[in-house]
Structures are given as C-alpha cells and as structure tokens.
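# Summary of structural features
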Amino acid sequence: MRNAVLWVRRMLRWMGTALVGHDVFVSYARSDGRDYARAVAAGLEDANLWTFVGYEAIPPGEQLRKALDWGLRRSRLLVVVCSPGAVSSKWVALEVERFPK
C-alpha cells in the first residue's frame, strides 16, 4: 500500500511540476550536503511544497547544466544548504548566480 501511495504521489508531483514548475530549488554540495539536502527536501514535501533536488530530479545521462538551468528557471524559491563543500562548489555558486532574482 505504501508503495502505491508513493507512486501516486510521484506521478502527481511530476505532472504538477511539468505544468507549473517547482516551489523550491534545493542547492547543495554532493560532497558533504546530500543527506541534509534530502532531509530538507523531505520536510518541504511534507509541507506540500514541490522541490527540485538534483539527485532526484535529474535522470542519469541528462546534461547537468541544462537540467539545473531548467530547474532554476521553473522554481519560485532557492534554498542553499550551506556547508564547507557548498562554499567551495562551483555548481552551488553557479546555481546561486543563475537563479532568477
């Protein structure tokens, strides 16, 4: 039963984000922020906010920069998981720079 509920929730989320975008883009460094980013995203989704998180939103083989730009343009808010790795991450810096002001 739980798997069916998760599947339906993912399908609804996919359809909703395809139509209207994401509420929150979660930016993090994979080196040391992935677990915390997952926890943040789970909390946001429990609050019925649709999130864009790289580990989940970008399918394998997808061009990373193109997928990130798409996610940034279609998100209303940006949350940055600050960590030592994020401070030195070129990807986190790029996401902050490219997020629509």
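Above this text is the structure in question.
Attention in this report is confined to the structure presented alongside it. (Residues numbered from 1 in each chain as written. Predicted model: local features only at pLDDT ≥ 70, side-chain atom pairs only at ≥ 80, totals over all residues. Heavy atoms only, no water.)

In terms of helices and strands, the protein chain carries 6 helices and 3 strands. Along its sequence from the N terminus, the protein chain presents helices and strands in the succession α-β-α-β-α-α-β-α-α. In the protein chain, which comprises 101 residues, the share counted as buried stands at 38%. Taking all contacts inside the protein chain whose residues are at least 6 apart in sequence as the whole, residues at least 24 apart take part in 73%. Counting only carbon and sulfur atoms, one obtains 59% of the accessible surface of the protein chain, whose full area is about 6,800 Å². (Helix = DSSP H or I, 4+ residues; strand = E, 2+ residues; numbered from the N terminus. Buried < 20%, exposed > 50% of the residue type's maximum accessible area, 1.4 Å probe, protein only. Contact = heavy atoms within 4.5 Å. Areas by Shrake-Rupley, 256 points an atom, 1.4 Å probe, with all protein chains shown as cover.)

Attention now goes to the sheet that holds strand β3 (residues 75-80). With respect to topology, 3 strands assemble into an open sheet ordered β2-β1-β3, the strand pairing being parallel. Two strands lie at the open edges of the sheet, namely β2 (51-53) and β3, each paired on one side alone. With strand direction ignored, the average angle separating the axes of adjacent strands in the sheet is 25°. Pairing between strand β1 (residues 22-27) and β2: 3 bridges, direction parallel. Residue pairing in the sheet places phenylalanine 25 in a bridge with phenylalanine 52 of β2. Running over the sheet, helix α2 (residues 34-46) touches β1, β2 and β3 and is turned about 165° from β2. (Pairing = 2+ DSSP bridges. Axes fitted to C-alpha atoms, helices over the stretch in contact; angles between N-to-C directions.)

With that out of the way, let us pick up helix α6 (residues 90-98). Those residues of α6 that sit buried are Val92, Leu94 and Glu95. Projected onto a plane normal to the axis of α6, the buried residues spread over an arc of 160° and lie on a single side. Exposed and facing more than 90 degrees away from the buried side of α6 are Lys90 and Glu97. Buried residues along α6 sit against β1, α4 (64-73), β3 and α5 (84-88). Here α6 starts with a cap whose side-chain oxygen sits 3.2 Å from the backbone nitrogen of tryptophan 91, and that cap is serine 89. (Arc of directions from axis to C-beta. Polar contact = N/O pair within 3.5 Å; in protein donor to acceptor, adjacent residues only side chain to side chain.)

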